[in-house]
Amino acid sequence: MYREKVGIIGGFGAYATLNFYKRLLEEFASESERDYPHIIMDNNFTMPSRTRALLYNEAYKEVVDCISDSIQLMIDNDVSKIILVCGTAHYFLDDVYTKIPQAKERVVDIINIMGAELQAKDEREVLIIAAEGALQKNLYQTRLKHYGIKCVNPNEDDFTAIRYFIECVKRNELNQGLARQFRDFLEKFGKKNVVLGCTEFPVLVDYIDKCSKTEETAILRNQYCFYDPLEMTIKWLKEYLL
């Protein structure tokens, strides 16, 4: 039995949060439900757009306040480790820590966890596919540079396609046509190592994996190595709680 509580802050993308929770349960699979860790989840669907806050400074303070409120809720409920199911949300954490200094020791930084693992794998260069706010602000480039990793960012011309993929996942509109579009999108970069920087992308890749064996599945898995910070975080969390 795990004595420490785990907190999940979602609402940034409902299906990304659902997918993360499902994978967390699968990783901690047990014969008895009593052997799962105590998990508290907070989904704030009314949080303003993180991307618009970064690109246009629209409701920036409200985003910080919403993330802070969710984290404070976790702290008030004695949660030991808190996971934000959104890569872009990590950009706001320094402002959150200014408001709630004690949060820093409880928030599990999924970008740092990925950076450490990529460094251990001696990975030198990755393609980042993430929300345009994170890309424009060089969130991953700045953070992963500390681990000796070079990040290749898509160009602004690619942002429309990235936004489309993300919105399709948010609306749960997954189909074979979308899978083919995603395959074609990746082919243009010529990079094999891909960081799924927006947490909607693991949902799309998971959908493709679970489809019947198609050309899209074969190409994606044979040509690309996907790095998912949430998957790495789940494994880290299990090791930490044991």
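Throughout what follows, the structure given in this document is the object of discussion. Only a predicted model underlies this, so the values are computations on that prediction, with no experimental measurement involved.

## A few points about the nonpolar core
Within soluble globular proteins, side chains that are nonpolar tend to cluster in buried spots. One finds Tyr-140, Leu-144, Phe-182, Leu-186 and Phe-201 to be the most contacted residues of the largest nonpolar core, which totals 60 residues. By residue number, the principal contributor to this core is helix 8 (residues 159-170), which donates six residues. Residues in contact with Tyr-140, not counting those within four places in the same chain, are Gly-87, Ile-111, Met-114, Ile-128, Ala-130, Ala-134, Lys-145, Cys-151 and Gly-197.

## Thoughts on helix 1 (residues 14-27)
Since the α-helix advances by 3.6 residues per turn, residues separated by three or four positions end up pointing in the same direction. For helix 1, with 14 residues, the first-to-last C-alpha span of 20 Å sits near the 20 Å given by 1.5 Å per residue. Turning to helix 1, the residues buried within the fold contact strand 1 (5-10), strand 2 (38-43), strand 3 (79-84), helix 10 (201-210) and helix 12 (229-241).

## What to know about the sheet that holds strand 7 (residues 225-227)
Taken in spatial order, the four strands line up as 5-4-6-7 in an open sheet, and their pairing is parallel. Each edge of the sheet is formed by a strand with only one pairing partner; in this case those strands are strand 5 (150-152) and strand 7. Each strand of the sheet is rotated relative to its neighbour by a mean of 35°, with strand direction disregarded. Here strand 6 (residues 193-196) runs beside strand 7; their pairing, made up of three bridges, is parallel. Opposite Asn-193, over in strand 7, you have Cys-225 as the bridge partner. Where helix 9 (residues 176-187) meets the sheet, its contacts fall on strand 4 (125-129), strand 6 and strand 7, and the angle it forms with strand 4 comes to roughly 140°.

## A few points about the sheet that holds strand 3
Across the sheet, which stays open at both edges, the three strands sit in the order 2-1-3 with parallel pairing between neighbours. Of all strands in the sheet, those bounded by a partner on one side alone are strand 2 and strand 3. Each strand axis lies, on average, 20° off the axis of its neighbour in the sheet, ignoring direction. Where helix 1 meets the sheet, its contacts fall on strand 1, strand 2 and strand 3, and the angle it forms with strand 2 comes to roughly 175°.

## With respect to the packing of helix 8 against helix 9
Axis separation between helix 8 and helix 9 bottoms out at 11 Å; the angle between their running directions is 150°. Note that helix 8 runs across helix 9; the crossing there is left-handed. In this structure, helix 8 uses Ala-161, Ile-162, Tyr-164, Phe-165 and Cys-168 to contact helix 9, whose residues at the interface are Leu-178, Gln-181, Phe-182 and Phe-185. Here the contact of helix 8 with helix 9 is built from residues that sort into eight nonpolar, one polar and no charged.

About the cut-offs
- Counting restarts for each chain: residues are numbered from 1 in the order of the written sequence.
- Only residues with pLDDT of at least 70 are given local features in this predicted model, and only at 80 or more are side-chain atom pairs given and counted; all residues enter the totals for whole chains, interfaces and linings.
- For side-chain calculations, the full set of non-hydrogen atoms in the structure is used, while hydrogens and water are omitted.
- Only buried residues count toward a nonpolar core. Its members are Ala, Val, Leu, Ile, Met, Phe, Trp, Tyr and Cys residues joined through side-chain atoms within 4.5 Å.
- Here's how the labels work: a residue is buried when its accessible area is under 20% of the maximum for its type, exposed when over 50%, partly exposed in between, all with a 1.4 Å probe on protein chains only.
- Numbered from the N terminus, helices here are DSSP runs of H or I no shorter than four residues, and strands are runs of E no shorter than two.
- Here a residue-residue contact requires only that any non-hydrogen atoms of the pair lie within 4.5 Å.
- Expected helix span is taken as 1.5 Å per residue step, with the number of steps being one fewer than the number of residues.
- Here a strand pair is declared whenever DSSP counts at least two bridges between the two strands.
- What counts as an axis is a line fitted to C-alpha atoms, over the stretch in contact for a helix, and the angles between N-to-C directions run from 0 to 180 degrees.
- A crossing counts as left-handed when the near helix is turned anticlockwise from the far one by less than a right angle, and as right-handed when that turn is clockwise.
- Ten residue types, Ala, Val, Leu, Ile, Met, Phe, Trp, Tyr, Cys and Pro, are classed as nonpolar, four, Asp, Glu, Lys and Arg, as charged, and the remainder, Gly among them, as polar.

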